[in-house]
Amino acid sequence: MGLANENIITQVEDLLAGRIVIPSIQRDYVWKTPDIRDLLDSLYRGYPIGSVLLWKTRIAVPFRTAAVSQETQGVQQPVYLLDGQQRLISLAWVYRPESRADAKKLDLRFDLANEQFVSPVGTQQRNDPLLVPVVDVLATTPDFYRLLTTAGVDPATPVFQTYYKRLQQLHDVHKREIAVITYASDDYEEVADVFARVNKGGRKLTKGDLVYSAIAARWEDGLATIEAFHAELARDGFALDRDPVLRILGHFAGVGLRSIKLLDAAVTEPVLKAAWAKTAEAVRMTVRFLREECSVPRSAVLKTQAVLVAPSILLHRRGGTLGPDETVRLRRWIYTILTFMRYSGTTDTALESDVRWMDADEGRVRFGELMHRAFGSRPLDAPVQASELEHKSHLHAFFNVLYIAALRREARDWVDGEQLDDLREDSSARIEYHHVFPDAAIGGAHPKELRNSLANYAFVSARTKRYIGARTPAEYLPALEAEHLARHWMPMDPALWTMERFPEFLAERRRLMAATLNAMLGLPGAEEAVGRDAGEAVGRDDEAAPAVLPASPHDAIVVAADAEPFIYEPPPQSRPSAEKATVAEPEDLDTGERFRRQLVACSTSAEVAIVEELLEFWEISRGHVEFGDGGTPTARLVRDAADGTSVCAMLVFPSAAGSGIEVQFQELTRHPRFAPEAMREELRTRLNAITGLDIQRHNVHRRPHFPLTLLADEPDRAVLYQVFAWLKDVI
């Protein structure tokens, strides 16, 4: 590793000349004008401005287009800028304004009187002669005398010399030096270890960044393919970090779950392509399982995304199909991982162990072993005690698992009665919650740890929060529906709703919450759980106990007679031009235009025509179209009912994996006409008359989807339009 103090302007010139380039692992230029002002102020005053980190290698590392115009690469191998991009590009914009890639003008001035850097606002500031353009001062041979006299400063006055010295001090930025660290290595893993420790400022370089760089170097379209997949998941509510996806990729590439091993020379382009095809499909399977079987609506609800790794590998081995027994076991194991934070410590070792037990006995998953390890240091099958929730807040894993439980219990908001179902919310959206006993009502009557106890929070909307205001439960709960309250583990004894009984209220609610957690985990003490989480009985059969561990109820589950299998329905194959899926859009576009642009980017012209036609027919059948304003552009086919309510029957979505239609069975269950399963079954039967469409019966309370390609023929579109007419009569 080399360390030297070098002239900072020389580094800028090397960047402009293409001798320093930006590797593909770097983020875009993100600094704003105030950041540039602060940098110049530090240089002017002689303050430290950090260091520049360069990587010298013989490897052909892919680089990205910089925010400055760079000269074409020559024969000489460039060095790669890993830390210092924001500073060098900012100085380039000031030192050589014409180098700015977007050709915009940066008007930055030096205030001679106050020794400050400003961006002039309004005509008065722009015409102020004492606000001197920084670019004029940083010129190679500036004429300070002319600059000052033009500004109206009399050479005979003392202030002339003061201003002259200030201009000279600013020009001396040319002479400032910066520490330049150069690390020479052709070993990716070594570079990953070194840079992850050395690079402390700006965007910290991770091993994942280096792995991405290696993928880009070996597979031309690799990064575009992977980023398009991440964008697809993010638009659908599951923005994933690089780590779990790279771990799964490493497994299918044959190098194990430690993604840094993807840097191995044996992982060639064909290996990466084949492994990625399995990875993308496996992750889609797991996301679908998390949503449909575990009621996890979006990635932000997960305390750890490592929980996707082992299920992805299992579901891929099973071809996306699990029987009722394995479906229950896998769901229960996932809940246990999330509840007891299995992957909060040594993630590598834990994941490797779990994946081994996924296929320990010739395809048989040893769920007993997996559950034992998920319990950690807890006694095997020990139920969650109410006392364990006593000192927990909304930051604890219990909070997120209880939110999932509320979704499974079909809990509704207290005021508007809407179900807590946000599958189409942005993937980063936080969980909405509010105090049952508001802070304003409690005041100093009880300690803060009680006020912010997990048991004093309810999953309700901002509207309900406003409704509660500063009132105590005794004042507002009597007006709310008892069923809605019960699904939020609300003690129904009004005597506990008073301020004097607040500690007892918390104790009773903790007891109810613990019962639900135990039901989800298949543990004793679940007798008072309500809803879907109480529907799976725990029992034993004659299966031999594992050799390593004592017998556990998790080795043998008596599955309810009506338990359903998990069957993954894959979307259409991704198009070769999947990178079109990410569309740069002006921020002021309305939601309808955003949808149309995304549809055009993701679909064929024939599919676009199909969507335009079906939206028109929906409106002809007296429905209306609402365009989603969340992270995913969608067209919701909504129909108003006679009672003034409205319901979304279907949803059209553009996607890189194939645009399609999502049937909103789950939302239809809220409408009185579709609450009986027979009506949803009728809708399923009518839709299945479309050639090639086979919505399974177990999906009548979910959100199955089918590709637009099934509507290519006019007779099949006619079937759909007949369904539209039927919905008009029914709703």
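Residues numbered from 1 in each chain as written. Predicted model: local features only at pLDDT ≥ 70, side-chain atom pairs only at ≥ 80, totals over all residues. Heavy atoms only, no water.

A.B. asks: I'm lost on the overall build of the protein in this one. Help?
C.D. replies: When you go through the protein residue by residue, the secondary structure sums to 28 helices and 18 strands. Burial status across the protein gives 53% buried among its 731 residues. The contacts of the protein with a sequence gap of at least 6 include a subset with a gap of at least 24, amounting to 70%. As presented, the protein carries roughly 31,700 Å² of accessible surface, and 50% of it is formed by carbon and sulfur atoms. (Helix = DSSP H or I, 4+ residues; strand = E, 2+ residues; numbered from the N terminus. Buried < 20%, exposed > 50% of the residue type's maximum accessible area, 1.4 Å probe, protein only. Contact = heavy atoms within 4.5 Å. Areas by Shrake-Rupley, 256 points an atom, 1.4 Å probe, with all protein chains shown as cover.)

A.B. asks: Looking at this structure, I do not really get the packing of aromatic side chains. What am I missing?
C.D. replies: Two measures describe an aromatic ring pair: the distance that separates the ring centres and the angle between the ring planes. This model, assessed by the stated rule, comprises 24 aromatic pairs. Note on F229 and W276: the rings are 5.2 Å apart at their centroids and 90 degrees apart in plane angle, and the pair reads as edge-to-face. Taken together, the positions of F229 in helix α10 (residues 222-235) and W276 in helix α12 (residues 269-292) put the pair 47 residues apart, joining distant regions of the chain. For the pair F229 and W276, a shared accessibility class is recorded, and that class is buried. For the ring pair F399 and Y433, a centre distance of 5.2 Å and an interplane angle of 80 degrees mean the geometry is edge-to-face. Here the residue F399 occupies a position in helix α17 (residues 397-408), and Y433 occupies one in the loop between α17 and β11 (434-435), the gap between them amounting to 34 residues. A relative accessible area of 4% places F399 in the buried class. These aromatic residues form a ring-pair network of at least three members: F399, Y403, Y433, Y457 and F459. Lying over the aromatic face of Y212, R242 brings its terminal NZ or CZ to 3.9 Å of the ring centre. A cation over an aromatic ring shows up here: R471 above the ring of Y467, its NZ or CZ 4.6 Å from the ring centre. (Phe/Tyr/Trp six-rings, centres within 6.5 Å; stacked < 30°, edge-to-face > 60°. Lys NZ or Arg CZ within 6 Å of the ring centre and 35° of its normal.)

A.B. asks: Is there a simple way to think about the sheet that holds strand β7 (residues 116-118) in this case?
C.D. replies: Strands sit in the order β7-β6-β8 across an open sheet of three strands; the sheet is antiparallel. Either end of the sheet is taken by a strand with one partner, and the two such strands are β7 and β8 (131-133). The mean inter-strand angle of the sheet, taken between neighbouring strand axes irrespective of direction, is 35 degrees. One ladder, built from three bridges, connects strand β6 (residues 109-111) with β8; its direction is antiparallel. By the bridge assignment for β8, F110 is matched with V132. (Pairing = 2+ DSSP bridges. Axes fitted to C-alpha atoms, helices over the stretch in contact; angles between N-to-C directions.)

A.B. asks: What is the right way to read the nonpolar core from this model?
C.D. replies: Where a protein is soluble and globular, its nonpolar side chains tend to be buried together. In this structure, L330, W333, I334 and F459 are the most contacted members of the largest nonpolar core, which totals 92 residues. Sorting elements by how many residues they give to this core places α12 first, with 10 residues. I22, L43, L54 and L138 belong to the second-largest nonpolar core, a separate cluster that totals 49 residues. (Core = buried A, V, L, I, M, F, W, Y, C linked by side-chain atoms within 4.5 Å.)

A.B. asks: Sorry, what's going on with the confidence of the model for the protein here?
C.D. replies: Low pLDDT marks stretches whose predicted atomic positions should not be read closely. Looking at the protein, pLDDT values average 83 and 85% of them are 70 or higher. This stretch, residues 422-428, has a pLDDT under 50; its non-local contacts, to residues over four places away or in other chains, come to 25 contacts. Low pLDDT (under 50) marks residues 573-588, which in the prediction has 28 contacts with non-local residues, meaning those over four places away or in another chain. (pLDDT = per-residue confidence, 0-100.)

A.B. asks: Before we go on, may I ask you to explain the sheet that holds strand β16 (residues 646-653) in this structure?
C.D. replies: Note on sheets: strands pair through backbone hydrogen bonds, and any given pair is parallel or antiparallel. The sheet built from five strands is open, its strands ordered β14-β15-β16-β17-β18 with antiparallel pairing. Looking at which strands have only one partner, the edges of the open sheet turn out to be β14 (624-627) and β18 (705-707). The mean angle between the axes of side-by-side strands here comes to 25 degrees, regardless of whether they run parallel or antiparallel. Where strand β17 (residues 660-663) and β18 come together, three bridges link them in antiparallel fashion. Counterpart to I661 in the pairing with β18 is F706.

A.B. asks: What exactly am I supposed to notice about unusual backbone geometry here?
C.D. replies: Excluding glycine, most residues fall at negative phi; most peptide bonds, likewise, are trans. One non-glycine residue with positive phi stands out, namely E410, at about 55 degrees. By the element assignment, E410 lies in the loop between α17 and β11. Taking the relative accessible area as the measure of exposure, E410 reaches 44% and is therefore partly exposed. The backbone phi angle of W489 is positive, close to 60 degrees, even though this residue is not glycine.

A.B. asks: Is there a simple way to think about the pattern of salt bridges in this case?
C.D. replies: Counted according to the given criterion, the structure contains 37 salt bridges. Residues E292 and R288 are paired through a salt bridge, measuring 3.9 Å at the closest nitrogen-oxygen approach. Here E292 and its partner R288 are both found in helix α12, four residues apart, which amounts to about one turn of the helix. Comparing E292 with R288, the two get one shared label, buried. The salt bridge involving R373 is made with E369; its shortest N-O contact spans 2.7 Å. Of this pair, R373 and E369 both sit in helix α16 (residues 367-375), four residues apart, which is roughly one turn of that helix. Given the relative accessible area of 22%, R373 is considered partly exposed. (Salt bridge = Lys/Arg side-chain N within 4 Å of Asp/Glu carboxyl O.)

A.B. asks: What's the story with the pairing of β16 in this structure? I'm lost.
C.D. replies: Look at any regular strand and the pattern is simple: side chains alternate between the two faces of the sheet. The buried fraction of β16 amounts to seven of the eight residues, a majority that puts the element mostly inside the structure. Pairing analysis gives six bridges linking strand β15 (residues 635-640) to β16, with the strands arranged antiparallel. Along β16, the bridge assignment pairs R636 with L651. Where β15 folds back on β16, the antiparallel hairpin that results is connected by five residues, among which G644 adopts a positive phi of roughly 95 degrees. Judged from the four bridges that link them, β16 and β17 form a sheet pairing that is antiparallel. Residue pairing for β17: L651 is matched across the bridge by E662.

A.B. asks: How should the environment of P383 be read in this particular structure?
C.D. replies: For P383, the location among the structural elements is in the loop between α16 and α17. Considering only alpha carbons, one finds P383 and L523, 140 residues apart in sequence, at a separation of 5.4 Å. Discounting residues that sit within four places of it in the chain, P383 has contacts with R378, E388, N518, L523 and P524.

A.B. asks: What's the story with the side chain of N688 in this structure? I'm lost.
C.D. replies: Turning to its location among the elements, N688 is positioned in the loop between α27 (677-687) and β18. A polar contact is formed between the side chain of N688 and the backbone nitrogen of I695, at a distance of 2.8 Å. Residue contacts for N688: discarding those within four places in its chain leaves L693, D694 and I695. (Polar contact = N/O pair within 3.5 Å; in protein donor to acceptor, adjacent residues only side chain to side chain.)

A.B. asks: Mind showing me how you'd approach the packing of helix α24 (residues 591-602) against helix α25 (residues 605-620) here?
C.D. replies: Pairs of packed helices are described in terms of their axes, by the angle between the two and the distance that separates them. Contact geometry of α24 with α25 gives a least axis separation of 9 Å together with a crossing angle of 145 degrees. Contact with α24, carried on its side by F595, L599 and V600, involves V608, V611 and L615 of α25 and no other residues of that element. A class-by-class count of the residues in the contact of α24 with α25 yields six nonpolar, no polar and no charged. (Nonpolar A, V, L, I, M, F, W, Y, C, P; charged D, E, K, R; others polar.)

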